[in-house]
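Inside the fold
Given next are the chains, with one letter for each unit.
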2 protein chains.
Amino acid sequence: MLDLSKLNLPEKQRLIVDTALDLFQQFGIKRIPVEEICKTAGVSKMTFYKYFKNKNELVRFMWEKGFEQSLEKFDEIQALDIPFEKKLQLILKMKEESTAKISHQFALDYFYASPDLKDFFEKLSRESISRFLSFIKNAQEKGEVRSDLRPEFLLAVINIIKIMVKDEALINSYSNYQDFVMEVNNFIFYGVLPRPTSEE
Amino acid sequence: MLDLSKLNLPEKQRLIVDTALDLFQQFGIKRIPVEEICKTAGVSKMTFYKYFKNKNELVRFMWEKGFEQSLEKFDEIQALDIPFEKKLQLILKMKEESTAKISHQFALDYFYASPDLKDFFEKLSRESISRFLSFIKNAQEKGEVRSDLRPEFLLAVINIIKIMVKDEALINSYSNYQDFVMEVNNFIFYGVLPRPTSEE
DNA sequence: CTAATATTATACGTTTTTTATATAATTATA
DNA sequence: TATAATTATATAAAAAACGTATAATATTAG
């Protein structure tokens, strides 16, 4: 996620974000000093500090915009006139892609250094979860998800997943992080499909 | 390259080298502080400094041992009773593998910080080149490489390649660094095969 | 061309990180 | 139990990174 072409930023600012995105994904946020972003982007340090108060604000900016864009896409998918399961597939794919970007390393290693960014990240996560819950509730009303599933339970499951994400042994048992993400999503979404009661 | 099992190091030292190898390859040498190697390896800092004077010495150690092992393998290949072209294929494969390890990032980003390591790396490179030249000369004597090729020219070509390696635009035009390495090797070795004069 | 704006290079003081060592306590081993 | 290996902790010094100030240079618009 995060399509910079949609943001209409000044050239230099776009360059900075673009470069930082690359570097952060490759090495993790905390390993990349501001000066390296600037050097790699071919932009002076002063220009960086013109557009962003500091590295945290840059990260916040990227996450916020990326989050907005993924919400937009989420809404688009919901509005499509296709079966529930197809929507789920699209959403899973989207989730997978955005998680590949705001990936393991990218996010996690920075939290230990910056508590407020961690808070911010979790705020975005919460909002994201809430959207998913609405989606499920709506699907329940339409009979696309079994009605005896308590949304609160689903919420608890999602909270547990936040803990699971910190379980390195678990994560490492997957060949890559996306596989893990897919597993989680498969569990959440395909695990709550209406149980087959009779042939149709 | 660099098979730690062959080195018979004390457990903790092996752990340190093994861990450092991983981290350096993933993030580059300069991005990994000694303390992170220790934490990741689950070894105290004092133990690190017991086995290595500093990070440079660790890097030097790894390069030296890796270089020794690759020379051994090089000699083994030369001693095999197989056609010249088969040997070349094996050597190319070996080169490719060892370059994948002492890779782009792994080596290059550190040179700017540590000139003596750069010197050391280049010393190893020179020795390596010299070995290759002997190999070619020997092949010339056997009529496996065209005799009108001047080894000095080959040396010059190899020196130019050292400059080429610093040409980021060129490197980036390959999808990955190994592809570039293969290209270079293909040029050097397959470009000097005896020209077909008549059918045999 | 001129004035306003954006960008850069440089220098700088401050904070943070990293380094490398010293010391004492703990653990493992013969 | 004595010896060696390892750790935890503290610390001074060096290096890296931060963020700002300033002056010079490009760029752009009127």
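Scroll up to find the structure this text is about.
Description of the structure in this document. (Residues numbered from 1 in each chain as written. Chains lettered and ligands numbered in written order. Predicted model: local features only at pLDDT ≥ 70, side-chain atom pairs only at ≥ 80, totals over all residues. Heavy atoms only, no water.)

**Details of the overall build of chain A**
A count of helices and strands for chain A gives ten helices and zero strands. For chain A, the α and β elements follow one another from N to C terminus as α-α-α-α-α-α-α-α-α-α. For chain A, with 200 residues in total, the buried portion stands at 42%. In chain A, the share of contacts with a sequence separation of at least 24, taken over all contacts with a separation of at least 6, comes to 66%. Carbon and sulfur atoms make up 51% of the accessible area of chain A, which totals about 11,500 Å². (Helix = DSSP H or I, 4+ residues; strand = E, 2+ residues; numbered from the N terminus. Buried < 20%, exposed > 50% of the residue type's maximum accessible area, 1.4 Å probe, protein only. Contact = heavy atoms within 4.5 Å. Areas by Shrake-Rupley, 256 points an atom, 1.4 Å probe, with all protein chains shown as cover.)

**Considering the protein's contact with DNA strand C**
Around DNA strand C sit 15 residues in total, of which Lys12 and Thr47 of chain A together with Val34, Glu35 and Lys45 of chain B are the nearest. Here the atoms of DNA strand C within 4 Å of the protein split so that 62% fall in sugar or phosphate, with bases taking the remainder. Between Tyr51 of chain A and DNA strand C, the recorded distance is 3.0 Å, taken from a side-chain N or O atom to a phosphate oxygen. One of the side-chain N or O atoms of Lys45 of chain B is found 2.6 Å from a base nitrogen in DNA strand C. Element by element, the count of residues in the surface near DNA strand C is highest for helix α3 (residues 45-51) of chain A, at four residues. (Near = heavy atom within 4 Å. Polar contact = N/O pair within 3.5 Å; in protein donor to acceptor, adjacent residues only side chain to side chain.)

**Some thoughts on the interface of chain B and chain A**
Each partner contributes residues to the interface: chain B has six residues there, and chain A has six residues. Buried area between chain B and chain A, summed over both chains or domains, comes out near 590 Å², and the portion from carbon and sulfur atoms is 40%. Between chain B and chain A we count two salt bridges in total. Linking Arg31 of chain B and Glu36 of chain A is a salt bridge whose minimum nitrogen-to-oxygen distance equals 2.1 Å. For the interface between chain B and chain A, the tally reads two residue pairs in polar contact (both at pLDDT 80 or more). (Buried area = accessible area lost by both parts, 1.4 Å probe. Salt bridge = Lys/Arg side-chain N within 4 Å of Asp/Glu carboxyl O.)

**Points about unusual backbone geometry**
The backbone phi angle of Asn8 of chain A is positive, close to 55 degrees, even though this residue is not glycine. You can see Asn8 of chain A is positioned in the segment before α1 (11-27).

**Some details on a nonpolar patch on the surface**
Residues and elements named next belong to chain A. A cluster of nonpolar residues, Leu80, Ile82 and Leu90, forms a patch on the protein surface that exposes about 210 Å² of accessible area. Summarising the element assignment, Leu90 is placed in helix α5 (residues 84-101). What makes Leu90 partly exposed here is its relative accessible area of 35%. (Patch = residues over 30% accessible without salt bridge, like charges linked within 9 Å, V, L, I, M, F, W, Y side chains within 5 Å.)

**Details of the protein's contact with DNA strand D**
Around DNA strand D, the structure places 15 residues, and the nearest of them are Val34 and Lys45 of chain A together with Lys12, Ser44 and Thr47 of chain B. Sugar and phosphate atoms constitute 63% of the interface atoms of DNA strand D, taking the interface as everything within 4 Å of the protein. Residue Lys45 of chain A places a side-chain N or O atom 2.6 Å away from a base oxygen belonging to DNA strand D. Between DNA strand D and the protein, one listed contact pairs a phosphate oxygen with a side-chain N or O atom of Tyr51 of chain B at 3.0 Å. Looking at the surface near DNA strand D, the elements with two or more residues in it are α2 (34-41) and α3 of chain A together with α3 (45-51) of chain B. Ranked by the residues each element gives to the surface near DNA strand D, the list is headed by α3 of chain B, at four residues.

**Some words on the nonpolar core**
Membership of the largest hydrophobic core comes to 60 residues, with the highest contact counts inside it found for Val17, Phe24, Ile37 and Leu58 of chain A together with Phe24, Ile37 and Leu58 of chain B. Those elements giving two or more residues to this core turn out to be α1, α2, α4 (55-79) and α7 (115-141) of chain A together with α1 (11-27), α2 (34-41), α4 (55-79) and α7 (115-141) of chain B. (Core = buried A, V, L, I, M, F, W, Y, C linked by side-chain atoms within 4.5 Å.)

**Remarks on the relation of the copies chain B and chain A**
Rotating chain B by 178 degrees and translating it 0.1 Å along the rotation axis places it on chain A, where the RMSD comes to 0.1 Å. In symmetry terms, the pair is related by a two-fold rotation axis. Most of the interface of chain B is mirrored in chain A, where 100% of its interface residues are also at the interface. (Least-squares fit on C-alpha atoms with pLDDT ≥ 70 in both.)

**What about the packing of aromatic side chains?**
Taken as a whole and judged by the stated rule, the model has twelve aromatic pairs over all chains. Summarising the aromatic geometry, the rings of Phe48 of chain A and Phe52 of chain A are spaced 5.8 Å apart at their centres and angled 50 degrees between planes, so their arrangement reads as tilted. With centroids separated by 4.9 Å and ring planes inclined at 65 degrees, the aromatic side chains of Trp63 of chain B and Phe121 of chain B adopt a geometry described as edge-to-face. Linking Trp63 of chain B in helix α4 with Phe121 of chain B in helix α7, this pair joins segments that are 58 residues apart in sequence. Between the NZ or CZ atom of Arg31 of chain B and the centre of the ring of Phe27 of chain A, over which it lies, the distance is 3.8 Å. Lying over the aromatic face of Phe120 of chain B, Arg60 of chain B brings its terminal NZ or CZ to 4.6 Å of the ring centre. (Phe/Tyr/Trp six-rings, centres within 6.5 Å; stacked < 30°, edge-to-face > 60°. Lys NZ or Arg CZ within 6 Å of the ring centre and 35° of its normal.)

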